[in-house]
Amino acid sequence: MNVFKLEEYLAKYEFSAKYLLCCSDAESLSMSEVLAMGSPNEIALWDHLRLGYTKAPGLPLLRKTVADELYQGLEADHVLMFAGAEEGLFCSLHAIIEAGDHAIILTPCYQSLLEVPKLKGAEVTEIELTAENEWRIDLQAIRNAIQPNTKCIVMNFPHNPTGQVIEEEELKNLIALCESKGIWIFSDEVYRLLGSPNRSWARPAACLYNKALSLGVMSKAFGMPGLRIGWITCQDQAILKKIEQVKHYTSICNSAPAEILSLISLRNKDKILKRNNQIASENLFLLDQFFSDYRHLFEWVRPQGGCVGFVKYNRPESIDSFCERLIAKKGVLLIPASIYNYPSNHFRIGFGRKNMKDCLEQFRDFLNHENI
Ligand SMILES: Cc1ncc(COP(=O)(O)O)c(C=O)c1O
């Protein structure tokens with residue numbers, strides 16, 4: 001198994017760097033802030049919660065809430081809960097893909113989207129999203145890559161690290177192609193609900209196609225990665241059963257307190273998402289200003305969704321060296337493209353957190369006083 005470069009990099013710096021300018025999650029809430037939003041019934045659930053094992057597919061009320069709040073036309077039985085998105089991704093790709101299958105993966109990507117199919121012995125074709133194509137999905141390249149044994153297409157929109165989204169029209173065209181060949185779509189949608197869409201975002205893939213799996217999570221737009229609660233939605237209950245059987249070998253079931261806190265948060269989604277989207281949109285405005293001031297150094301393409309963007313550093317110095325100098329001098333953490341195995345001078349920047357001004361002040365100081 002290849003080392004997970006992003007997680008290694010974050011493990012090295014995330015809890016020691018003073019200014020995290022690369023985070024992919026929104027500003028977190030405290031547990032007491034979440035509990036203060038609970039209705040009397042939800043607080044009673046919390047107060048009387050017993051810390052035994054929970055149901056493997058997830059708390060029925062939580063599964064119903066996920067379906068009702070986020071996936072029009074789907075029901076509780078179409079939702080399976082997991083320990084974060086990572087476990088949902090691992091179990092699903094494990095269940096779908098068999099040795100000898102072919103999988104098409106859109107890259108750069110969160111590394112497990114590429115590694116899990118490989119772990120299962122799949123032959124993998126990577127299709128690179130490119131800056132020239134504004135990081136958009138390239139349907140023709142996908143069509144050309146399809147083989148008789150292609151089982152699954154793996155994608156992530158809004159995209160980490162570029163912030164590009166997929167439009168409904170683009171997704172429908174992809175679905176039509178996959179449907180004609182019986183191919184699954186694994187759609188990592190963990191950055192949905194965050195960002196101010198000015199293009200027509202697609203609905204979740206699982207709402208549109210019976211062979212699509214949509215991955216969602218509390219970690220990103222809700223800013224609650226510490227809950228470790230994610231989910232897979234799919235119209236096909238037979239595949240969900242197979243995926244649940246993989247979960248029996250991983251976490252078995254979810255954390256009971258995390259399920260109740262997720263339930264309260266999802267039922268208060270409008271309030272939480274309004275807060276988090278406001279932080280992100282104010283930060284985006286700061287970034288527009290920042291990169292306009294330094295346009296001789298960087299190429300800034302405004303992300304369309306989520307809270308990360310991919311910025312090009314336009315100097316001969318390698319992006320690894322630049323990021324290393326920045327962390328050593330100022331304690332500001334960015335993520336170089338090499339962590340995504342992407343051969344370019346880009347870095348990932350995150351804009352979901354409240355301390356953006358402080359981070360940018362340090363970054364500015366570095367650019368003004370160091371040898372750039
Ligand atoms: C695209 C993508 N998918 C999945 C994950 C995993 O999310 P979680 O931390 O909720 O397991 C991440 C985390 O950064 C991600 O960026």
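Nothing here was measured: the structure is a model prediction, and the numbers come from that model. Residue numbering note: each chain is counted from 1, following its sequence as written. The model is predicted, so local features are restricted to residues of pLDDT at least 70 and side-chain atom pairs to those at 80 or more, both for listing and for counting; the totals for chains, interfaces and linings are taken over all residues. Only hydrogens and water are set aside when side-chain values are computed; all heavy atoms of the structure are taken into account.

(A) Expanded view of the packing of aromatic side chains. Classification of ring pairs uses Phe, Tyr and Trp, with its six-membered ring standing for Trp, and accepts pairs whose centres are within 6.5 Å; under 30 degrees between planes counts as stacked, over 60 as edge-to-face, and the remaining range as tilted. Taken as a whole and judged by the stated rule, the model has 20 aromatic pairs. Ring centres of Tyr 9 and Tyr 13 lie 5.1 Å apart, and the angle between their planes is 70°; on these two criteria the pair is classed as edge-to-face. With Tyr 9 and Tyr 13 both in helix H1 (residues 5-13) and four residues apart, the pair spans about one turn of that helix. Just as Tyr 9 is buried, Tyr 13 falls in that class too. Measuring from ring centre to ring centre gives 6.3 Å for Phe 322 and Phe 363, while their planes differ by 55°; the resulting arrangement is tilted. Of this pair, Phe 322 sits in helix H13 (residues 319-330) while Phe 363 is found in helix H14 (residues 356-369), placing the two residues 41 residues apart along the sequence. Considered together, Phe 322 and Phe 363 belong to a single accessibility category, that of buried residues. Clustering of aromatic rings is evident, with ring pairs tying together Phe 290, Phe 291, Tyr 294, Phe 298, Trp 300, Tyr 313, Phe 322, Phe 347, Phe 363 and Phe 366. In this scheme, Lys NZ or Arg CZ marks a charge over a ring once it lies within 6 Å of the ring centre and within 35 degrees of the ring normal. Between the NZ or CZ atom of Lys 247 and the centre of the ring of Phe 82, over which it lies, the distance is 5.4 Å. Secondary structure follows DSSP: runs of H or I at least 4 residues long count as helices, runs of E at least 2 residues long count as strands, and numbering of each begins at the N terminus. Think of it in three bands: with a 1.4 Å probe and only protein chains considered, a residue is buried below 20% of the maximum accessible area for its type, exposed above 50%, and partly exposed in between.

(B) Here's a closer look at the state of the cysteines. The disulfide criterion used throughout: a pair of cysteine sulfur atoms within 2.5 Å. Counted according to the given criterion, the structure contains zero disulfides. A disulfide-free cysteine, Cys 23 has its sulfur positioned 5.0 Å from the sulfur of Cys 22, the nearest such atom. Taking the relative accessible area as the measure of exposure, Cys 23 reaches 8% and is therefore buried. Here Cys 178 is not disulfide-linked; the sulfur of Cys 152 is the nearest cysteine sulfur, at 8.5 Å.

(C) Molecular detail of empty space enclosed by the protein. Both site types are read off a 1 Å grid over the protein atoms alone. A 1.4 Å probe that fits but cannot get out defines a cavity, while an open set with protein on both sides within 12 Å along at least five of seven lines defines a pocket; lining residues have an atom within 4 Å of a point. Grid points are joined across faces, edges and corners, and a volume is the space filled by probe spheres set on the points. Counted under the stated rule, the structure contains two cavities of 30 Å³ or more. Approximately 80 Å³ is the volume found for the largest cavity. Residue lining of the largest cavity: 14 residues in total, with Phe 157, Ile 166, Arg 192, Ala 202 and Arg 203 positioned closest to the centre. In this classification, Asp, Glu, Lys and Arg are treated as charged, Ala, Val, Leu, Ile, Met, Phe, Trp, Tyr, Cys and Pro as nonpolar, and every other residue, Gly included, as polar. A class-by-class count of the residues in the lining of the largest cavity yields 10 nonpolar, one polar and three charged. What lines the second largest cavity is Leu 20, Leu 21, Cys 22, Cys 23, Gly 350, Phe 351, Gly 352, Arg 353, Asn 355, Met 356 and Cys 359. Taken together, the residues that form the lining of the second largest cavity break down as seven nonpolar, three polar and one charged.

(D) Structural detail: the pairing of strand E3 (residues 102-107). Burial analysis of E3 places six of its six residues in the buried class, which makes it a mostly covered element. Burial along E3 is two-sided: the residues His 102, Ile 104 and Leu 106 and Ala 103, Ile 105 and Thr 107 are all buried. A pair of strands is considered paired only if DSSP assigns at least 2 bridges between the two. Two strands pair when backbone bridges link them, and E3 and strand E4 (residues 123-128) are joined in this way by six bridges, in the parallel orientation. Considered in E4, the bridge of His 102 is made with Glu 123. The handedness rule is simple: strands pointing away from the viewer, and a clockwise path from the first strand over the helix to the second, make the crossover right-handed. Viewed along the sheet, the connection from E3 through helix H6 (residues 112-119) into E4 turns out right-handed. Direction of pairing for E3 relative to strand E5 (residues 150-156): parallel, over a ladder of four bridges. Paired with Ala 103 across the strands is Cys 152, a residue of E5.

(E) A look at the sheet that holds strand E10 (residues 308-313). Pairing is antiparallel across the open sheet formed by four strands, whose spatial order is E9-E10-E13-E12. A single partner strand is all that each edge strand has here, and the edge strands are strand E9 (298-299) and strand E12 (335-336). Inspection of the sheet shows E12 paired to strand E13 (residues 346-350) by two bridges, in the antiparallel sense. Each residue of the ladder has a partner; that of Pro 336, found in E13, is Phe 347.

(F) Broad picture of the domain arrangement of the protein. Residue ranges for the domains trace back to a domain assignment, done automatically or taken from a database. Domain boundaries assigned for the protein yield domain 1 (5-29 + 270-369) and domain 2 (32-268). A straight line from the C-alpha centre of domain 1 to that of domain 2 covers 25 Å. Only heavy atoms enter the contact rule, under which two residues are in contact if any of them lie within 4.5 Å. Each partner contributes residues to the interface: domain 1 has 28 residues there, and domain 2 has 38 residues. Defined here as a combined quantity, buried area equals the accessible surface (1.4 Å probe) lost by two parts on assembly, summed across both. Taken over both partners, the interface formed by domain 1 and domain 2 buries close to 2,800 Å², and the fraction arising from carbon and sulfur atoms is 57%. For the purposes of these results, a polar contact is taken to be a pair of N or O atoms within 3.5 Å, where, inside protein, one atom must be able to donate a hydrogen and its partner to accept one; residues adjacent in sequence count only when each atom of the pair is a side-chain atom. At the boundary of domain 1 and domain 2, one finds 19 residue pairs in polar contact (both at pLDDT 80 or more). Secondary-structure elements contributing two or more residues to the side of domain 1 that touches domain 2 are H1, helix H12 (269-293), E10 and E13. Per element, the largest residue contribution to the side of domain 1 that touches domain 2 is six residues, and it comes from H12.

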